[in-house]
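# Survey of secondary and tertiary structure
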Amino acid sequence: MPGATAPLPRPRGRARAAPQERRRRVAPLAATPPIRAGDEPLLRGIFEIGKRSCDVVLSARRLRWSPILPESPTGDSSVALQAQEEIIEMKDVFSVKLKRRRFAGQKKGGTLLGITIFKCLNKEENKLTDCAIHFHNLSEDHCQSWFRHLKEILNGFQNRPKSLKVFVNPSSHKREATHIYNEKVAPLFKLADIKTDVTVTEYEGHALSVLKECELEVFDGVVCVGGDGSVSEVAHGLLLRAQIDAGKDTDYVSKPVRAPVPLGVIPAGTTNILAHTLYGIKHAVTATLHIVMGHIQAVDVCTFSTPSKLLRFGFSAMFGFGARTLALAEKHRWMPSSQRKDFAFIKTLADLKPEECELSFLPLEILQEDSHEKDRITLLYLGSKAQWQKIQGHFLNVSIMAIPCLCSMAPRGLAPNTRLNNGSMALIVVQNTSRTEFIKHLKRYTSVKNQFSFPFVETYTVQEVKVQPRLKSGPDAKENVCLNAEGNYPWNIDGDLMKEASEVHVRVHPQLIDLYGVNTDDLESSQETCNCI
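Note on numbering: residues in each chain are counted from 1, in written sequence order. Selection of residues for local features in this predicted model requires a pLDDT of at least 70, selection of side-chain atom pairs for listing and counting requires 80 or more, and totals for whole chains, interfaces and linings are taken over all residues. Neither water nor hydrogens contribute to the side-chain values; these are computed over all heavy atoms in the structure.

## Let's talk about the pairing of strand β17 (residues 355–363)
For a regular strand, side-chain orientation follows a simple rule: the groups alternate between the two sheet faces. Short version of the rule: For the exposure calls, accessible area comes from a 1.4 Å probe over protein chains only, and a residue counts as buried if that area is under 20% of its type's maximum, exposed if over 50%, partly exposed in between. Counting from the N terminus, the helices are the DSSP runs of H or I reaching at least four residues and the strands are the DSSP runs of E reaching at least two. A pair of strands counts as paired when DSSP detects no fewer than two bridges linking them.
The buried fraction of β17 is high, at eight of nine residues. Two elements, β17 and strand β20 (residues 389–401), share seven bridges in a ladder whose sense is antiparallel. By the bridge assignment, Glu356 is partnered in β20 with His394. Where β17 lies against strand β22 (residues 457–469), seven bridges are found, and the strand directions are antiparallel. Directly across from Ser360, in β22, lies its bridge partner Lys466.

See the structure below:
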């Protein structure tokens with residue numbers, strides 16, 4: 001295809017085209033409204049797209065083209081009007097490359113064929129995929145000019161990372177994290193010209209120790225390839241590093257500072273709650289493209305503290321059944337992951353026992369707005385007017401969650417009434433009941449029915465919670481089955497086992513960290529078509 005670099009305004013198609021183009025004319029582009037900011041044409045030229053010569057126009061906001069049709073012998077203009085204009089929004093483009101033909105083993109140079117543009121598509125059910133569109137033109141000057149302008153536009157998107165620190169947990173789930181990163185994640189990072197520094201973790205706490213020492217300022221973000229426990233460790237490390245850099249006392253953090261860079265989550269675990277909550281799906285390519293495209297979502301984070309020190313930053317926690325199940329699974333690490341968790345669940349259910357404890361919480365008042373938008377929620381912080389409330393009793397499970405906690409086993413979420421960043425926590429208390437009724441409650445999570453419509457389940461929207469277990473004494477002391485050697489109860493924090501405390505104080509901190517992803521409430525179910533060529 002001969003080069004046809006054309007100055008603005010509109011090129012004179014027949015005069016400037018090759019001889020074989022002289023009997024053709026450019027179909028008029030579809031009628032458009034008055035030009036808005038960013039729609040002013042930057043370049044216009046001729047490329048071959050899908051074996052058809054096309055008139056292509058580039059602006060800062062979009063790339064559009066329409067076929068160049070042969071002139072009608074009768075001069076009928078209706079033929080030209082049949083040409084269909086196609087449009088790519090530049091915000092959906094994540095890479096542009098010069099396309100060359102090279103011989104086997106040739107790494108540089110080669111015959112120029114044109115330009116390839118890589119676009120992000122939302123295909124179905126929140127799943128993202130990449131799509132390549134080829135613009136053929138043999139002119140070196142023509143393609144280089146277009147390539148430079150396209151790169152300048154892509155470099156103007158502020159949130160898109162250029163350099164990432166990556167942690168890969170090779171022990172996650174079926175030990176597939178390394179394969180997922182090498183085969184699905186790394187190629188997209190390379191395609192988007194993102195530099196990476198990869199650490200394959202070797203032991204629990206490895207990522208935390210690296211984050212405390214590495215030069216975070218040289219990275220635009222941090223990525224974790226692993227399960228919920230790995231993600232929790234990296235998120236905790238990022239926030240802990242932020243407190244250290246701010247000169248705060250990490251033993252007691254009442255008002256923590258925000259994480260310095262966003263965190264990306266590539267699901268490679270069993271439940272992958274945070275990935276499901278951010279992307280609506282467990283799909284490594286979708287997660288990677290959200291990172292590449294720079295989709296950033298501010299998310300609330302909790303601090304878990306004893307009266308004397310900070311234990312952990314996290315998004316959700318369970319005390320009682322959820323924690324005892326995890327503690328039992330951790331004792332059987334020699335078993336395959338799925339078998340271990342099934343065994344622990346059934347064994348804990350068979351030995352179902354309540355925990356006696358006192359719960360203190362500071363509530364939030366929620367007003368539901370009368371709006372056409374989806375479930376918009378406004379929170380009124382009561383401040384000094386809020387009064388601490390207490391409940392005591394025997395509880396099978398206590399859940400404290402600052403995010404909805406979606407997963408394949410709970411499509412509505414473990415805490416469907418909370419949001420990613422509305423400054424609240426869901427406190428879900430399951431009082432003592434029969435095993436049969438408790439199983440009915442658990443089964444509701446897998447359906448669309450309300451899992452909280454049981455008389456033994458109570459839910460509260462709170463900003464602070466204190467959990468204080470009551471140890472049994474005398475003849476009943478043998479029932480303290482879940483205590484560890486230090487006399488502490490286990491906690492399940494983001495799928496990570498914590499056995500460092502008995503009494504725990506939980507606070508929510510609004511929008512404390514940025515995560516790569518979107519608010520699943522805003523995800524659109526509409527499908528896009530791909531004109532990949």
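We are not done yet, so read on.
## Some details on the nonpolar core
For clarity, the threshold we go by: For our purposes a nonpolar core is just a set of buried Ala, Val, Leu, Ile, Met, Phe, Trp, Tyr and Cys residues, chained together by side-chain atoms within 4.5 Å. For each domain, the first and last residues come from an automatic or database assignment. What makes two residues a contact is simply this: any of their non-hydrogen atoms within 4.5 Å.
Core analysis: the biggest nonpolar cluster contains 83 residues, and Phe94, Phe189 and Ile513 have the highest contact counts within it. Counting residues domain by domain, this core receives three or more from each of domain 1 (41–66 + 85–156) and domain 2 (163–365 + 387–472 + 488–525). Once residues within four sequence positions are removed from consideration, Ile513 is found in contact with Ala235, Leu238, Arg258, Ala259, Leu263, Gln297, Ala298, Val299, Val301 and Phe315. With 27 residues, the next largest nonpolar core counts Cys302, Phe395, Met425 and Trp491 among its residues.

## Regarding the environment of Val168
In this fold, Val168 is placed in strand β10 (residues 163–168). Taking the relative accessible area as the measure of exposure, Val168 reaches 2% and is therefore buried. Residues Val168 and Val223, spaced 55 residues apart in sequence, show a C-alpha to C-alpha distance of 8.5 Å.

## What to know about the packing of aromatic side chains
Two numbers describe a pair of aromatic rings. These are the distance of the centres and the angle of the planes. Quick note on the threshold: Paired rings are identified among Phe, Tyr and Trp, the last through its six-membered ring, by centres lying within 6.5 Å, and are further divided according to the angle between planes into stacked (under 30 degrees), edge-to-face (over 60) and tilted (the rest).
Under the criterion given, the structure shown has eleven aromatic pairs. Look at Phe47 and Trp146: their rings are 5.1 Å apart centre to centre, the planes differ by 85 degrees, and that puts the pair in the edge-to-face class. Note that Phe47 is positioned in strand β3 (residues 41–49) and Trp146 in helix α3 (residues 140–155), a separation of 99 residues in sequence. A relative accessible area of 1% means that Phe47 is categorised as buried.

## Comments concerning the confidence of the model for the protein
Low-confidence regions, as indicated by low pLDDT, have predicted coordinates that should not be scrutinised in detail. For clarity, the cut-off: Residue-level confidence of the predictor is what pLDDT reports, using numbers from 0 through 100.
In the predicted model, the protein carries a mean pLDDT of 83, and 80% of its residues have values of at least 70. Below a pLDDT of 50 lies the segment residues 1–27, which in the model reaches 62 contacts outside its immediate sequence neighbourhood of four places, other chains included. Below pLDDT 50 for its whole length, residues 529–533 participates in 16 contacts with residues either more than four positions away or in separate chains.

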